[in-house]
Amino acid sequence: MTTRTQQIAAEINRSQKRLSKVIAITNQKGGVGKTSTTFNFAHYLNELGYRVAVVDLDGQGNLTELFFEPAVLNQYVHTAAVQFFTEEMNEFTPLSHPCGIDVIATQRNSHVLTNVDTQSIDAASLFYENVSRLAEDYDFVVLDTPPAPGIRTTAACASADYIFAPVLVDTFAISALEGVVNSVHAIGGLLDTELKLNGILINQLQDSTEETKHDYAELAAAIGEPLIPTAVRMSKPFRRAMRLGVPVWHLRSSGSEQRTSKEARKAYGEMSSRITEIPKKRIKAFNDYSRVVRMGLAQPEAQSQ
Ligand SMILES: Nc1ncnc2c1ncn2[C@@H]1O[C@H](COP(=O)(O)OP(=O)(O)O)[C@@H](O)[C@H]1O
Ligand SMILES: [Mg+2]
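Rules used in this analysis
- Residues numbered from 1 in each chain as written.
- Chains lettered and ligands numbered in written order.
- Predicted model: local features only at pLDDT ≥ 70, side-chain atom pairs only at ≥ 80, totals over all residues.
- Heavy atoms only, no water.
- Helix = DSSP H or I, 4+ residues; strand = E, 2+ residues; numbered from the N terminus.
- Rg over C-alpha atoms; globule rule 2.2 N^0.38 Å.
- Contact = heavy atoms within 4.5 Å.
- Areas by Shrake-Rupley, 256 points an atom, 1.4 Å probe, with all protein chains shown as cover.
- Lys, Arg positive; Asp, Glu negative; His and termini not counted.
- Charge placed at Lys NZ, Arg CZ, Asp CG, Glu CD.
- Salt bridge = Lys/Arg side-chain N within 4 Å of Asp/Glu carboxyl O.
- Buried < 20%, exposed > 50% of the residue type's maximum accessible area, 1.4 Å probe, protein only.
- Patch = residues over 30% accessible without salt bridge, like charges linked within 9 Å, V, L, I, M, F, W, Y side chains within 5 Å.
- Pairing = 2+ DSSP bridges.
- Axes fitted to C-alpha atoms, helices over the stretch in contact; angles between N-to-C directions.
- Phe/Tyr/Trp six-rings, centres within 6.5 Å; stacked < 30°, edge-to-face > 60°.
- Near = heavy atom within 4 Å.
- Polar contact = N/O pair within 3.5 Å; in protein donor to acceptor, adjacent residues only side chain to side chain.
- Nonpolar A, V, L, I, M, F, W, Y, C, P; charged D, E, K, R; others polar.
- Expected span 1.5 Å × (residues − 1).
- Arc of directions from axis to C-beta.

For the chain, the name recorded in an unreviewed UniProt entry is AAA domain-containing protein, with marine sediment metagenome as its organism.

(A) Structural detail: the overall build of the chain. Looking only at helices and strands, one finds 15 helices and eight strands in the chain. Relative to its length of 305 residues, the chain is compact, with a C-alpha radius of gyration of 19 Å against a globular reference of 19 Å. Pairs at least 24 residues apart make up 80% of the contacts formed inside the chain by residues separated by at least 6 positions. If you sum the accessible surface of the chain, you get close to 14000 Å²; carbon and sulfur atoms cover 51% of it. Looking at the chain, you have 30 positive and 34 negative side-chain charges, and the mean spots of the two groups are 10 Å apart.

(B) Highlighting the pattern of salt bridges. Per the stated rule, a full pass over the model turns up twelve salt bridges. For the salt bridge of D288 with R4, the shortest nitrogen-to-oxygen distance reads 3.1 Å. Note that D288 is positioned in helix 14 (residues 286-294) and R4 in helix 1 (residues 3-13), a separation of 284 residues in sequence. According to the relative accessible area criterion, R4 is partly exposed, its value standing at 40%.

(C) Spotlight on a nonpolar patch on the surface. On the surface, a cluster of nonpolar side chains totalling about 290 Å² of accessible area is made up of I121, L190 and L191. Following the sequence through the fold, L191 ends up in helix 9 (residues 173-191). Judged by relative accessible area, L191 falls into the partly exposed class, the value being 37%.

(D) View of the sheet that holds strand 8 (residues 232-233). Spatially, eight strands are ordered 3-4-2-5-1-6-7-8 in an open sheet, and the strand pairing comes out mixed. On the outer flanks of this sheet lie strand 3 (95-96) and strand 8, each paired with one strand and no other. Where strand 6 (residues 162-167) meets strand 7 (residues 199-205), four bridges bridge the pair, whose relative direction is parallel. Within the sheet, the bridge partner assigned to V167 lies in strand 7 and is I202. The sheet contacts of helix 2 (residues 34-47) involve strand 1 (21-25), strand 2 (52-56), strand 5 (140-144), strand 6 and strand 7, and relative to strand 5 the element is tilted by about 170 degrees.

(E) The packing of aromatic side chains, seen in detail. Under the defined criterion, the tally for this structure stands at twelve aromatic pairs. Judged by centre distance (5.6 Å) and plane angle (65 degrees), the rings of F41 and F164 are edge-to-face. One end of the pair, F41, is in helix 2; the other, F164, is in strand 6, with 123 residues separating them in the sequence. Assigned by exposure class, F41 and F164 land together as buried.

(F) Quick peek at the site of ligand 1. Residues in close proximity to ligand 1 total 16 residues, the closest being G31, K34, T35, S36 and R233. Between ligand 1 and K34, the relevant distance is 2.9 Å, taken from an oxygen atom to a side-chain nitrogen or oxygen of the residue. Contact between ligand 1 and N203: a nitrogen atom at 3.1 Å from a side-chain N or O atom of the residue. When contributions to the shell around ligand 1 are tallied by element, the ones reaching two or more residues are helix 2, strand 7, strand 8 and helix 11 (236-244). Considering only residue class, the shell around ligand 1 consists of five nonpolar, eight polar and three charged.

(G) View of helix 10 (residues 210-223). Across its 14 residues, helix 10 extends 20 Å between first and last C-alpha, which sits within 8% of the 20 Å expected from 1.5 Å per residue. Within helix 10, burial applies to T212, L219, A220 and I223. Buried positions in helix 10, seen along its axis, are confined to an arc of 100 degrees and lie on one side of it. Within helix 10, the exposed residues directed more than 90 degrees away from the buried face are E210, E211 and A221. Tucked into the core, helix 10 has its buried residues touching strand 6, helix 9 and strand 7. Positioned one or two residues after helix 10, G224 has a phi angle of 70 degrees, which is positive.

(H) Quick look at helix 2. If you check helix 2, its first and last C-alpha atoms are 20 Å apart, about what 14 residues at 1.5 Å a residue would give, namely 20 Å. Of all the 14 residues making up helix 2, 14 are buried; the element is thus mostly covered by neighbouring parts of the structure.

Okay, here's the thing in structure tokens:
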């Protein structure tokens, strides 16, 4: 083992105070990439050597299924995401994925979770208390949100230290962007604080026709400062990785996989750089950190569970 590898493993494993930051991935529209961004970004942070949990707040349970076969949920006793809205929790039993990420799961088509949106705002306060307690054990808790405004989205954004939104380049991109920005502002208004979007990621960028380039430029200008400079393109390797349940940069066999891998590492690195607690030099050395984590030399605490 090289000294560099040993150094990084030691750095990651050094007993440290957890950062305890909550990150919400949101957009009131469906199909824009909230779940896949949550999945990949959680993996990115995990491979930077941080202790990461994800919470699946969409009643479809898509995020959960990217990590586990549905049968796993019935096989093991575990904390379900809906409990965060219904009871005061002191202990959590997430499902632990072998990669080191802990998952607060949701069953496929969970009506009980979807019905949270019909409850009073008290459910959001309860969520805030519970997720803050959960975060004590982690560096980052990443929340995947449903494609609708409502109690769950409000609770997620209100609890978040950082908010990111994936958006698409299409005919309605500008009005969709206004929708995301306004809904985050409105939630801030409820709390009497100013909530802002820390990053807006252009996802599923389609082609490089003049029309798309024009739409992209227009959208990028409208986003302004929150724009994550590297867009994630619509690609087959991306879809393949999701089907295999691995982060997109793990596939590097073909040329197109390598391109997608590189681009994704860049985009998620730029998202990470918006998080002030993460040292820039760690992001620069992502490949080294990632190797150490994937070799199983880091996060002994996560792996012994
Ligand atoms: N960059 C991309 N390239 C190819 N497919 C993508 C990309 N981003 C997302 N997808 C696919 O698009 C679909 C919708 O994405 P998803 O993350 O589920 O969106 P949301 O959670 O906002 O509804 C999924 O099937 C996902 O795998
Ligand atoms: Mg989703």
